[in-house]
Amino acid sequence: PLGSDEVATVFAEQARPVDERETRLYTILARRIQDAMTALKNMAERRQALEAARRNEELLQRIIHSMDDALILVNADGRIDLMNAEAERLTGWSAAEAQGKPLGEVLRLIREDTREPAGDITADERMDGRKRSGEAPMLLISREGRDQAVAVAVAPIQSEKGRLGSAVVTFSDQTEIRKTQSAL
């Protein structure tokens, strides 16, 4: 592509004489055309970047929803941002109903040995950044009141700036495994 000065030179070299005023106008016009072309190129690049981000988000959603383990994403306030189909099945809550609710309201965990509430299982991870898994046998009380043995893991998520706040909770049904173990 020609630069604005080159375009002005082409206009200036036309068969008829061009005065200084016309040359300035052609130069201004050429610069505006070049600016418009640059803006269009930038818009196309932004559109491509947005499309790539959308494809990545769709891929992440497909991965999360195809997992065998239940997954819940908890924000810095301890409220649910996202949960997959297995989490819906085990808790009895739909993702839409659970979104924005405190984790403990949807993921009702009690200690298997004492039947005491497990409390906010993500608080420590969100504060100190350490992963935790399977520290104590847990029971999940579903929305319908069913209790089932689960293995729970919690991992903190750092923001782009390195701050801790949100966490991922994964859990899986251990009922059959525990039955088998107790039968032995």
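Because the structure is a prediction, the values reported are computed rather than measured.

1. A closer look at the packing of aromatic side chains
Each aromatic ring pair is described using two quantities: the centre-to-centre distance and the angle formed by the ring planes.
(1) Moving on: For the structure on display, the rule yields zero aromatic pairs.
(2) Moving on: Here the guanidinium or amino end of arginine 143 rests over the ring plane of tryptophan 93, the centre of that ring lying 3.8 Å away.

2. Comments concerning unusual backbone geometry
(1) Moving on: Unusually for a residue other than glycine, arginine 115 sits at a positive phi of about 60 degrees.
(2) Moving on: Along the chain, arginine 115 turns up in the loop between β3 (108–111) and α6 (123–128).

3. Looking at the confidence of the model for the protein chain
(1) Moving on: The share of residues in the protein chain with pLDDT of 70 or more is 85%, and the mean pLDDT across the chain is 84.
(2) Moving on: Put simply, helix α1 (residues 4–12) is where the protein chain has its lowest mean pLDDT, 61, and helix α4 (residues 95–98) is where it has its highest, 96.

4. Observations concerning the pairing of strand β5 (residues 138–141)
(1) Moving on: Of the two faces of β5, both are covered, the one formed by Met138 and Leu140 as well as the one formed by Leu139 and Ile141.
(2) Moving on: Pairing geometry for β3 and β5, over four bridges, is antiparallel. Residue pairing for β5: leucine 109 is matched across the bridge by leucine 140.
(3) Moving on: Note: β5 against strand β6 (residues 147–158), four bridges, orientation antiparallel. Within β6, the residue paired with methionine 138 across the bridge is valine 150.

5. Section: the side chain of serine 172
(1) Moving on: Within the secondary structure, serine 172 is located in strand β7 (residues 164–173).
(2) Moving on: At 3.0 Å, the side chain of serine 172 forms a polar contact with the side chain of glutamine 174.

6. Considering the environment of arginine 108
(1) Moving on: Mapped onto the secondary structure, arginine 108 falls in strand β3.
(2) Moving on: Looking at arginine 108, the relative accessible area reads 36%, which means it is partly exposed.
(3) Moving on: For arginine 108 and alanine 118, which are ten residues apart along the polypeptide, the C-alpha to C-alpha distance reads 8.1 Å.
(4) Moving on: In contact with arginine 108, not counting residues within four places along its chain, are Leu139, Leu140, Ile141 and Ser142.

Here is what the cut-offs are and how they apply
Residues numbered from 1 in each chain as written. Predicted model: local features only at pLDDT ≥ 70, side-chain atom pairs only at ≥ 80, totals over all residues. Heavy atoms only, no water. Phe/Tyr/Trp six-rings, centres within 6.5 Å; stacked < 30°, edge-to-face > 60°. Lys NZ or Arg CZ within 6 Å of the ring centre and 35° of its normal. Helix = DSSP H or I, 4+ residues; strand = E, 2+ residues; numbered from the N terminus. pLDDT = per-residue confidence, 0-100. Buried < 20%, exposed > 50% of the residue type's maximum accessible area, 1.4 Å probe, protein only. Pairing = 2+ DSSP bridges. Polar contact = N/O pair within 3.5 Å; in protein donor to acceptor, adjacent residues only side chain to side chain. Contact = heavy atoms within 4.5 Å.

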